[in-house]
Amino acid sequence: MIVIMKPHCSQEQIDHVVGLLDEMGCDHCVIESSKQKVVEVLGARDHLDRHRLMNAPMVDRVLEKSEPILAADRSPGDRTREIPLGTSATVGGKKIAVIAGPCSVETESQLMDIAAAVKEAGGVGLRGGAFKPRTSPYSFQGLGEQGLEMLALAREKTGLAIITEVMCSEHVDLVAKYADVLQVGSRSMHSSPLLAAVGRQNKPILLKRGWSASVKELLMAAEYIMKVGNRNVILCERGIRTFETYTRNTLALAVVPEVKRISTLPIIVDPSHGTGRRDLVTPMSNAAIACGADGLLIEVHRDPDNAWSDGDQSLDLDQFRALMTGLQPFAAAGGRVV
Ligand code: PEP
Ligand code: MN
């Protein structure tokens, strides 16, 4: 196990960690370079209290030495990985990447109207499900390849990058033929064969947090993708299931600064699935940007009340325009632009 100290920690703070390890009966060794100071824990660790170490002043993190850390590879001074969104945008850079669109692709006219509004308001990506994971097998399941063709047409007309979900390994090639970014949904985050399949192709992946997955499980899911060669993984916080019922999910925004602390992967926030409520999407978008998110994934529809899926949490086009304008001061406060 290694205890990684924050940059500029003092000798007293290292001594404090060493003292804690002495109290816990653990052997140790201090390793110092010009960039980093770490305390390695050696030998038996029967009485080791990881939380006491993590809470000590100027401790950055405590890692198991055997833990693979591709997805949690942030060293002091590292920048967030900037990942392409199509040919003209990125996520993870100075500009906040707003990806918006309908929950499901429904018709060509629906998609083109929404895409034009997203582009005009300053969005950089168009979302829309062609293969839809639905709770009920009797609900609309998506248009399949026909939906992918409509998304490609919307890209041609607007220049927006296309982000759409792939639900199974058999569909990876098909979805990758049309999409700029492949979305792995909350329900699929634990599917290691799918994670490996998207890892073996070279389009970036938007990996949504499983609704009952811990942060570690989210990072480990990213690890499955990265391990086989695809390092372009964008993480997405979309809310988790709790006992709470006033929202569809509980949006866990503290994940954003936590991921920023331990990983160089960019992280975006989906306040639509995160709350399930149209009226909460704008305030939670502002909050997400204020706490350091690299972008947003937002459901927008030209007629939310008649949407084929997730209308309750979809903004109409005017509400989306207002959201984009309102984000600006929050972005500016964090040294970002929308
Ligand atoms: C979606 O973004 O369309 C979606 C189904 O989200 P999630 O996987 O987070 O439920
Ligand atoms: Mn949806």
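Quick caveat: nothing in here was measured; it's all calculated off a predicted structure. (Residues numbered from 1 in each chain as written. Chains lettered and ligands numbered in written order. Predicted model: local features only at pLDDT ≥ 70, side-chain atom pairs only at ≥ 80, totals over all residues. Heavy atoms only, no water.)

A. Up close: the overall build of the chain. What the chain contains, in helices and strands, is 11 helices and 14 strands. For the chain, the C-alpha radius of gyration of 21 Å lies close to 20 Å, the compact-globule estimate for 338 residues. For the C-alpha atoms alone, the extent of the chain along its principal axes is close to 70 × 45 × 40 Å. Put simply, the chain has 338 residues, and 53% of those count as buried. A sequence separation of at least 24 residues applies to 67% of the contacts in the chain between residues at least 6 apart. As displayed, the chain offers around 14,600 Å² of accessible surface, 51% of which is attributable to carbon and sulfur atoms. (Helix = DSSP H or I, 4+ residues; strand = E, 2+ residues; numbered from the N terminus. Rg over C-alpha atoms; globule rule 2.2 N^0.38 Å. Buried < 20%, exposed > 50% of the residue type's maximum accessible area, 1.4 Å probe, protein only. Contact = heavy atoms within 4.5 Å. Areas by Shrake-Rupley, 256 points an atom, 1.4 Å probe, with all protein chains shown as cover.)

B. Fine view of the coordination of the manganese ion (ligand 2). At 2.0 to 2.4 Å from the manganese ion (ligand 2) lie its protein donor atoms, namely Cys103 (SG), His273 (NE2), Glu299 (OE) and Asp310 (OD). As a motif over one chain, the donors of the manganese ion (ligand 2) read C-x169-H-x25-E-x10-D. One end of the pair, His273, is in helix H9 (residues 271-275); the other, Asp310, is in the loop between strand E14 (295-299) and helix H11 (317-333), with 37 residues separating them in the sequence. (Donors = N, O, S within 2.8 Å, 3.2 Å for Na, K, Ca; no water.)

C. Expanded view of the pairing of E14. The buried count for E14 comes to five of five residues, which makes it a mostly enclosed element. Burial along E14 is two-sided: Gly295, Leu297 and Glu299 and Leu296 and Ile298, pointing in opposite directions, are all buried.

D. Broad picture of the site of ligand 1. In the vicinity of ligand 1, the contacting residues are Arg127, Lys132, Pro133, Glu165, Gln183, Gly185, Ser186, Arg187, Lys208, Arg238, His273 and Glu299. Gln183 has a polar side-chain atom sitting 3.0 Å from an oxygen atom of ligand 1. Taking Ser186, its main chain carries an N or O atom lying 2.8 Å from an oxygen atom of ligand 1. Protein chains shield 97% of the accessible area of ligand 1, which is 300 Å² for the free molecule. Taken together, the residues of the shell around ligand 1 break down into one nonpolar, four polar and seven charged. (Near = heavy atom within 4 Å. Polar contact = N/O pair within 3.5 Å; in protein donor to acceptor, adjacent residues only side chain to side chain. Nonpolar A, V, L, I, M, F, W, Y, C, P; charged D, E, K, R; others polar.)

E. Structural context of the confidence of the model for the chain. Overall, the predicted model of the chain reaches an average pLDDT of 95, with 99% of residues at or above 70. Per-residue pLDDT, averaged within each element of the chain, yields its smallest value for strand E2 (residues 27-32) (89) and its largest for strand E13 (residues 267-269) (99). (pLDDT = per-residue confidence, 0-100.)

F. Here's a closer look at the packing of aromatic side chains. Under the counting rule described, the total for this entry stands at one aromatic pair. A cation sits over an aromatic face here: Arg241 above Trp211, 4.5 Å from the ring centre. (Phe/Tyr/Trp six-rings, centres within 6.5 Å; stacked < 30°, edge-to-face > 60°. Lys NZ or Arg CZ within 6 Å of the ring centre and 35° of its normal.)

G. Up close: the sheet that holds strand E4 (residues 59-63). One open sheet holds the four strands; their spatial order is E2-E3-E1-E4, and the pairing between them is antiparallel. Two strands in the sheet have a free side with no partner beyond their single neighbour: E2 and E4. This sheet shows a mean twist of 20 degrees between the axes of neighbouring strands, independent of strand direction. In terms of strand pairing, strand E1 (residues 2-5) meets strand E3 (residues 37-42) through three bridges, oriented antiparallel. From the neighbouring strand, Ile4 faces E3, where its bridge partner is Val38. Its contacts with the sheet place helix H1 (residues 11-23) against E1, E2, E3 and E4, and it is angled at close to 160 degrees to E2. (Pairing = 2+ DSSP bridges. Axes fitted to C-alpha atoms, helices over the stretch in contact; angles between N-to-C directions.)

H. How the structure looks around the pattern of salt bridges. Scanning the model with the defined rule gives 17 salt bridges in all. For Glu145, the salt bridge goes to Lys177, with nearest N and O atoms at 3.9 Å. In this pair, Glu145 is assigned in helix H4 (residues 145-158) and Lys177 in helix H5 (residues 172-178), connecting sequence segments 32 residues apart. What makes Lys177 exposed here is its relative accessible area of 58%. With its nearest N and O atoms 2.8 Å apart, the salt bridge here joins Arg277 to Asp279. Owing to a relative accessible area of 49%, Asp279 belongs among the partly exposed residues under this scheme. Beyond isolated ion pairs, a larger network of salt bridges with shared partners links Asp60, Arg61, Glu258 and Arg261. (Salt bridge = Lys/Arg side-chain N within 4 Å of Asp/Glu carboxyl O.)

I. Summary view of the nonpolar core. By size, the foremost hydrophobic cluster in this structure holds 72 residues, and its most contacted members are Leu182, Val198, Leu207, Leu235, Ile298 and Phe320. Considering each element in turn, this core owes the most residues, seven residues, to helix H7 (residues 215-227). Residue contacts for Val198: discarding those within four places in its chain leaves Val166, Val172, Leu182, Val184, Ile205, Ile225 and Asn230. (Core = buried A, V, L, I, M, F, W, Y, C linked by side-chain atoms within 4.5 Å.)

J. The arrangement of helix H8 (residues 255-262) in detail. Here H8 has its buried residues at Val255, Val256, Val259, Lys260 and Ile262. Close packing links the buried residues of H8 with E4, H7, strand E12 (233-237) and E13.

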